[in-house]
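Chain residues, written in single-letter form:
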Amino acid sequence: MKLSLLTLFTALATSSAEGDVHICACEAEEFGYDIDCSAEGAMLDALNYIKTNGCATDCMAADCEKNYLIVQTHHDYCPEADIPEAIEDGFHDYDESCTACQISRAFTEGAPNCPAAVCTDNSGNDAYTAMAEAGCKGDCSSDACKANFLTLRVVHDDCEHDTLSQASEEGLHDMEVSCASVLCNAVDGDDKQLVCVDGKHESNVLFT
């Protein structure tokens, strides 16, 4: 899961020399893979590698790291419609053992800015519970379903992986089908983040 903007700012300011922040564009350059949302075969091949080579328990090997990053980069960057269901279902099995890189979801023309994620409360889990109780999985057209979906989405995308419960993590992907038209843009979600510059991607992130 991606780091929150505040976490990313802090890490860049205090720990960049230690290499704590991994930028997906730079990892793709280092490991030699493309960030291509149409490359379903490459995503599934990478998922199969980490499934069959024990990467869920030990992700230190270079091939585990590379193939996890292929899966994670595309999971976090690509539109839901472009991500194979197997990746949606299996990706989070590797959150504990593998180290994720930083990338925001791809920019969608005309979509509003995403709301700010609150990572210090239970808002993401509460949003999922409210959606489940309101039947948003079958119909996401109400304003409440849309608002709760965006809350759940940004907590998933911007907070540490253990912020959401497993039920909420998995439930988000179920909700993505009915809420497919509910979109928003991260402030650093444009194509500049696909370019690695001096070990960091170009970015228009604004920290306040």
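The structure presented is a predicted model; accordingly, all values stated were derived computationally and were not measured.

Caption draft 1: Representation of the state of the cysteines in the model. Scanning the entire structure with this criterion turns up nine disulfides. The disulfide bridge from C114 ends at C184, spanning 2.0 Å between sulfur atoms. On the sign convention where negative means left-handed, the S-S torsion of about 90 degrees between C114 and C184 marks this disulfide as right-handed. With C114 in the loop between α5 (85-90) and α6 (123-134) and C184 in the loop between α8 (166-178) and β1 (196-197), this pair connects stretches of sequence that are 70 residues apart.

Caption draft 2: Local environment of the nonpolar core. Of all hydrophobic cores here, the largest spans 26 residues; its most connected members are I50, Y68, V71, I87 and Y94. Broken down by secondary-structure element, the contributors of at least two residues to this core are α2 (24-31), α3 (40-52) and α4 (62-77). Ranked by residues supplied to this core, first place goes to α4 with six residues. Beyond its immediate sequence surroundings of up to four residues, V71 is in contact with M43, A46, L47, I50, I87 and F91. Within the second largest apolar cluster, 18 residues are counted, among which are C136, V154, L164 and C184.

Caption draft 3: Local environment of the packing of aromatic side chains. This model, assessed by the stated rule, comprises one aromatic pair. Ring centres 6.0 Å apart and planes at 10 degrees place the aromatic pair Y68 and F91 in the stacked group. A residue pair is termed long-range when its members are at least 10 positions apart, and Y68 in helix α4 and F91 in the loop between α5 and α6 qualify at 23 residues. With respect to class, Y68 is no different from F91; both count as buried.

So, how was this worked out
Residues numbered from 1 in each chain as written. Predicted model: local features only at pLDDT ≥ 70, side-chain atom pairs only at ≥ 80, totals over all residues. Heavy atoms only, no water. Disulfide = S-S within 2.5 Å. Helix = DSSP H or I, 4+ residues; strand = E, 2+ residues; numbered from the N terminus. Core = buried A, V, L, I, M, F, W, Y, C linked by side-chain atoms within 4.5 Å. Buried < 20%, exposed > 50% of the residue type's maximum accessible area, 1.4 Å probe, protein only. Contact = heavy atoms within 4.5 Å. Phe/Tyr/Trp six-rings, centres within 6.5 Å; stacked < 30°, edge-to-face > 60°.

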